[in-house]
Each structure stands twice: as C-alpha cells, then as structure tokens.
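Overview (structure and organization)
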Amino acid sequence: MKKRAFDKGIFAFPYMILSAIFIIFPLVLVLVYAFRGVDGKFTFDNFAQVFTNPTNYMLILKTIGIALITTAICLLIAYPVAFVLASSHFNKHTILALLFIIPMWMNFVLRMYALQSLLNMINVKDSFWAAIIGMVYDYLPFMLLPIYTSLVNMDKSYVEASRDLGGGDVQTFFRITFPLSVPGIISGILMVFMPTFSSYAITDILGGTEASVIGGKINTLFGERLTWGLGSALSFILLVIVIVVMVAGNLITRASNKAKSDAADNSIVGGRIR
Amino acid sequence: MNAKKIIKLTVSWLILALALAFMYLPLILIVVYSFIDARLVGGKGNFSFELYANLFKNQSLMTAAGNTIVIGLVSSLLATLIGTVSAVGIYYMKRGKKAANFVSQITVVNAEIVTAVGFFLLVLFLSNTLRLPVQKGLGWLIVCHTMLTVPYVILSVSPRLNQLNPNLFEAGQDLGAGPMRTLITVIFPQLVKGMISGFAIAFTLSLDDFVVTKMNTGNGVATISTYVYDSLKRTLDPSVRALSTIIFVVVLAVLVVMNLVGKKKAKKIKK
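First, a word on scope: everything that follows refers to the structure included in this document.

1. Digging into the side chain of T149(B)
Residue and element names in this part refer to chain B. Note that T149 resides in helix α6 (residues 138–162). A polar contact of 2.8 Å, which involves the side chain of T149, links it to the backbone oxygen of H145. Contacts of T149, omitting those with residues within four sequence positions, involve S75, A79, A202 and L205.

2. Overview of the interface of chain A and chain B
In this assembly, 71 residues from chain A lie in contact with 84 residues from chain B. Buried area between chain A and chain B, summed over both chains or domains, comes out near 7,200 Å², and the portion from carbon and sulfur atoms is 80%. When the buried surface of chain A facing chain B is broken down by residue, F11(A), Y15(A) and Y113(A) rank first, second and third, together holding 11% of it. Scanning the region where chain A abuts chain B turns up three salt bridges. For K8(B), the salt bridge is made with D169(A), and the minimal N-O distance between the two is 3.3 Å. Our enumeration of links across chain A and chain B arrives at nine residue pairs in polar contact (both at pLDDT 80 or more). The element contributing the most residues to the side of chain A that touches chain B is helix α1 (residues 13–34) of chain A, with 14 residues.

3. Concerning the packing of helix α4 (residues 94–101) of chain A against helix α1 (residues 2–33) of chain B
Running from N to C, α4(A) and α1(B) cross one another at 35°; their axes reach a closest spacing of 9 Å. With respect to the hand of their crossing, α4(A) and α1(B) are arranged in left-handed fashion. Packed against α4(A), whose contacting residues are L96(A), L99(A) and F100(A), the element α1(B) presents L16(B), A19(B), L20(B), M23(B) and Y24(B) at the interface. Here the residues of the contact of α4(A) with α1(B) are counted per class, giving eight nonpolar, no polar and no charged.

4. Concerning the side chain of S225(B)
In this structure, S225(B) sits in helix α11 (residues 224–233). Overall, the relative accessible area of 1% leaves S225(B) in the buried class. At a separation of 3.0 Å, a polar atom in the side chain of S225(B) contacts the side chain of N107(A). Not counting chain neighbours up to four residues away, the residues in contact with S225(B) comprise N107(A), V109(A), L207(B), D208(B), D209(B) and F210(B).

5. Some thoughts on the nonpolar core
L85(A), F100(A), I218(A), I113(B), L121(B), I187(B) and V228(B) are the most contacted members of the largest nonpolar core, which has 155 residues in total. Looking at which element gives the most residues to this core, the answer is helix α6 (residues 128–152) of chain A, with 14 residues. Dropping the residues within four chain positions of it, L85(A) is found in contact with F90(A), N91(A), L96(A), A97(A), F100(A), L144(A), Y148(A) and L16(B).

6. A word on a positive patch on the surface
Residue and element names in this part refer to chain B. Where like charges cluster on the molecular surface, the positive patch consists of K193, K264, K265 and K268. A total of three residues in the positive patch trace back to one element, the largest contributor, which is helix α12 (residues 240–270). Tracing the sequence through the fold places K193 in helix α9 (residues 192–208).

7. Observations concerning the packing of helix α3 (residues 59–92) of chain B against helix α8 (residues 179–190) of chain B
Residue and element names in this part refer to chain B. Where α3 contacts α8, the two axes come as close as 12 Å, and the packing angle between them is 85°. Of the possible angle classes, the one that applies to α3 and α8 is roughly perpendicular. Between α3 and α8, the residues in contact are L81, T84, V85, V88 and Y92 and L183, I187 and F188, respectively. Class assignment of the residues belonging to the contact of α3 with α8 gives a composition of seven nonpolar, one polar and no charged.

Scoring rules and cut-offs
Residues numbered from 1 in each chain as written. Chains lettered and ligands numbered in written order. Predicted model: local features only at pLDDT ≥ 70, side-chain atom pairs only at ≥ 80, totals over all residues. Heavy atoms only, no water. Helix = DSSP H or I, 4+ residues; strand = E, 2+ residues; numbered from the N terminus. Polar contact = N/O pair within 3.5 Å; in protein donor to acceptor, adjacent residues only side chain to side chain. Contact = heavy atoms within 4.5 Å. Buried area = accessible area lost by both parts, 1.4 Å probe. Salt bridge = Lys/Arg side-chain N within 4 Å of Asp/Glu carboxyl O. Axes fitted to C-alpha atoms, helices over the stretch in contact; angles between N-to-C directions. Left-handed = near helix turned anticlockwise from the far one by under 90°. Nonpolar A, V, L, I, M, F, W, Y, C, P; charged D, E, K, R; others polar. Buried < 20%, exposed > 50% of the residue type's maximum accessible area, 1.4 Å probe, protein only. Core = buried A, V, L, I, M, F, W, Y, C linked by side-chain atoms within 4.5 Å. Patch = residues over 30% accessible without salt bridge, like charges linked within 9 Å, V, L, I, M, F, W, Y side chains within 5 Å. Areas by Shrake-Rupley, 256 points an atom, 1.4 Å probe, with all protein chains shown as cover. Lys, Arg positive; Asp, Glu negative; His and termini not counted. Charge placed at Lys NZ, Arg CZ, Asp CG, Glu CD. Parallel < 35°, antiparallel > 145°, perpendicular 65-115°, else oblique.

Read these as geometric descriptors, not functional statements.
Have a look at this one:
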C-alpha cells in the first residue's frame, strides 16, 4: 500500500525550486537594487530620479503613448481583416488566415530590416511614424488572431435571429457581432499592448532618435554599474504598470463575460442558452 | 441585391489584398534583392548569387546563426522536459495548485525587459556574491531561454492532462513500475502532441528572442537577432538578405509540410 501514497504533486517540485531561483528571486533582486544607492545603502533616490527628472518620466509617458497608438492602429486594421476572414465567403479558406501569421515565424529583427529597406526605398526616413509602422507590422498578427478566433467561433444563430427579426447589416453588426467579439478584442489589446511596452528594438531600428522607449533606456542603464539603481527602479515601475494593466484587463473580461451571460439568460435564441 | 453582394465581395478582397501587401511586400523585396548584388536594397546591381556565396564567408554571421540554433534546440528540449514533468506535477498537486500556476505564468505576463534585468542581476549575484562558476555567455543564455519558455510548454501540455484517464498513473504503479518509470513510459506517450507543440512554441520563441538575449550575452556571443540589430547601427552586410531569404523559405517549407501532414491525418480520421 505504500506505493498508493506516492504524491504525484512531487513532480512539480523541481520546477518550483527553479522558479524560486530564476523567476521570484530575480524580481527580489530588482526590488533590492531599486532601493539601493551607489554606496550600497537604502535610498529612495532612484525613484526620486524617475519622478523628478523629466527625461525619465516623459520617456515612460512616451512609451505608453507609442504602445497606445500601436494598439489602436492594430485594432483598426485587424478588425476589418478578421471580419472578412471570418465571413461565410472566406472562412472555408483557412490558408488565408494562415497567410497572416506566417511572417510571425520569421525572426523579427530580420523582418524589421526588410521593412526598413522598403521604407527607405520609397523615401520614408527613419522617424517616429516609421517606428509606429514597424510596431504595427510586427504586432498585427497578435491582434488579428484572437479577434478572428472569437468571430469564427461565434454562434451564428444570433446573427440569423437578428436578421429574422428585421435587423439590417449595420444594425446586426453593432448590436450582435461586435458585442460578441469584445472578449477577442480585449485579449488582442492585451497581447499587443503588453509586449509593445517592453520591446525597444523596433523603435530603435526604425525610429532613429525620435522614438526611444523605456526598454532601450533600461538596457543602456545596465551597461554601466553606476546606473543600475535607476534601471532597477524603472524596471520596477514597469512591473507595476504590467500588473495594473493585467488586473484591469481581467476585470473587463470578467465584466463583459457576465454581461454576455446575463444577456443570454434574458433571451433564448434558437433554443440555445449560452 | 446582387449588386450589393458584388460590392461587398470587392471590398472584402480589397481589404485582404491591402493587408497582405503590407505583410508581404517587405519580405518579397528582400527575397528579390537577395539575388541582386547591390549594396543597398533599391540600389543598382546585377543578378547574381554572390550574396549567398558571401553569406557563408561571413564568419561572425555564421557563428551567430549557429549560436541561435544551438541555444534554440537545447533550451527548448530542456524546456519541454521540465515543462512536461512540471505540468504533470501541478496537475496532480493537492495544495498550492493555484499558486503554482500563478508562478509559472509570471514570465509569460511580465514585461520581457524586467525578466531580462532579473536574469542580468541574478548571474552577477551568483558569480560575484555566491562565487559560483557561472558567467554570461552561451550556457547562461541557454538557462535564460529555458526558464523563459517552460511556462509555454506547461500551457500546451496541461490541456492534454485533463483528457487523461485519472487512474492511468495508479495502473502503471500497480503493474510494478516506479513513479519515474510510470511517468516516462505511461504518462509521456499520452502527452506527445502537447509536448511537440510546446517544443515548437519554445523553439520559435527562442529563435525570435531579442530583449533577454541582448542583456545576457557576454564573451562576444551573438545570436542572429543581436548580430543583425548591432550591425544595423553600423553597416550591414548585404548577405543578411540571403540569410533572410533562406529562413523565409525554411519557414514556408516547414508550414507546408505540417499542413500536408495535418490534412493527411484528417483524411485518415474521416475514413
């Protein structure tokens, strides 16, 4: 009977130890360095530098701005494309959807080189907006996929019901299709917004001097021993922003799911309750 | 009514065509210019295979490509092994399951630059404070990439565990196999599909990684990402175009083969 007592949870043990060393502990180190002065003593100086020196806090705001613009443009492009791909005429051809994610498999620095070559050829110089084009180019599939998935998996009987009840194309879209695709939109926004926040290679390559972001600054700060504290403080602030965005995203998803199930409870469509 | 349909279809095709052009024009341009020996894309040159020949003469680029593949393969193999064992463990955990899942998702959610800083500070702590024989370089990058990709393997293996017969493990033990042997010979074969997709995700993430790699390279070790990034700031060897074309073709080939295999399987199931 001794064998029966074997706790299979023990298989998670090695990874828990690895996580403690390689995931949790490094975050503790970031925190320690963020509150440590050059002399090794406890200090708030690093954070003070972030919030009093305009170059630091403006850079954070600029990064948020670039992330927001990128996310908005991705959404504006991805939604129509996903809508077309998911429409009854096109959704038989899965190859079309695949075409949009193939570039994701190619190294993104090489893709940025390709895009830069194209932009330079048509005389678009490295600039803020060239950087935005690069960001959109790289992150578009991350917006497209979740929206496409939510549209394809949508229960089509809702749309049919709307049409049976006399709803036109536009009305059906805004009152049925769009609200049902909101979870896809939210996860798309998170999947674009979160990484745009820490990536700096794209803006560095295509933005020239106009589009430096917080990630690049942190990378540079760790090139020199004296500025590790500031770098850690900036990393810590980034971590806090990530947590805030994730929690907000979760709350919105939960709220929209609840609204959806409430709506479904109130209206039985096609004899099915979702 | 019919005219409306035609307009709808035309607009649909137009949207798709524009979006696809945006995605593919840069890549097509690079493929075309990999056969033209101009220094810059768009410059004057003649058709030649010179860039391909030069590619294999560029020692540092070749080393970077080799490093990328070594780091990618070793780290994703390790990640698949660790991730699968952990997924099994977490699945069977009686207490602390939520906490374990939360911890394993930290790196997925966290800003990559923060993870990169964490690894950077950790390797210095290990070598300077604890005096352990670790240092930045190829080995450390493999460690970083492994820890970075394990959560994705857990994510792709876990759904398969839910479909498992709950008594499978006990069955293996009743037939006299030890826990390790049961895990490897009874449980693993059931999870192969999840393990393969986990490996694929880990491998592509590793190949594509820049932020963590950039901060944790040392001893002159470069990957394709960091090599191309660094040389874009100075002067870029045009044979990078040949490398891009080769990678693009390999990606296409792998996807076509995977699609064909998938279709064959689907047909078999239908029969």
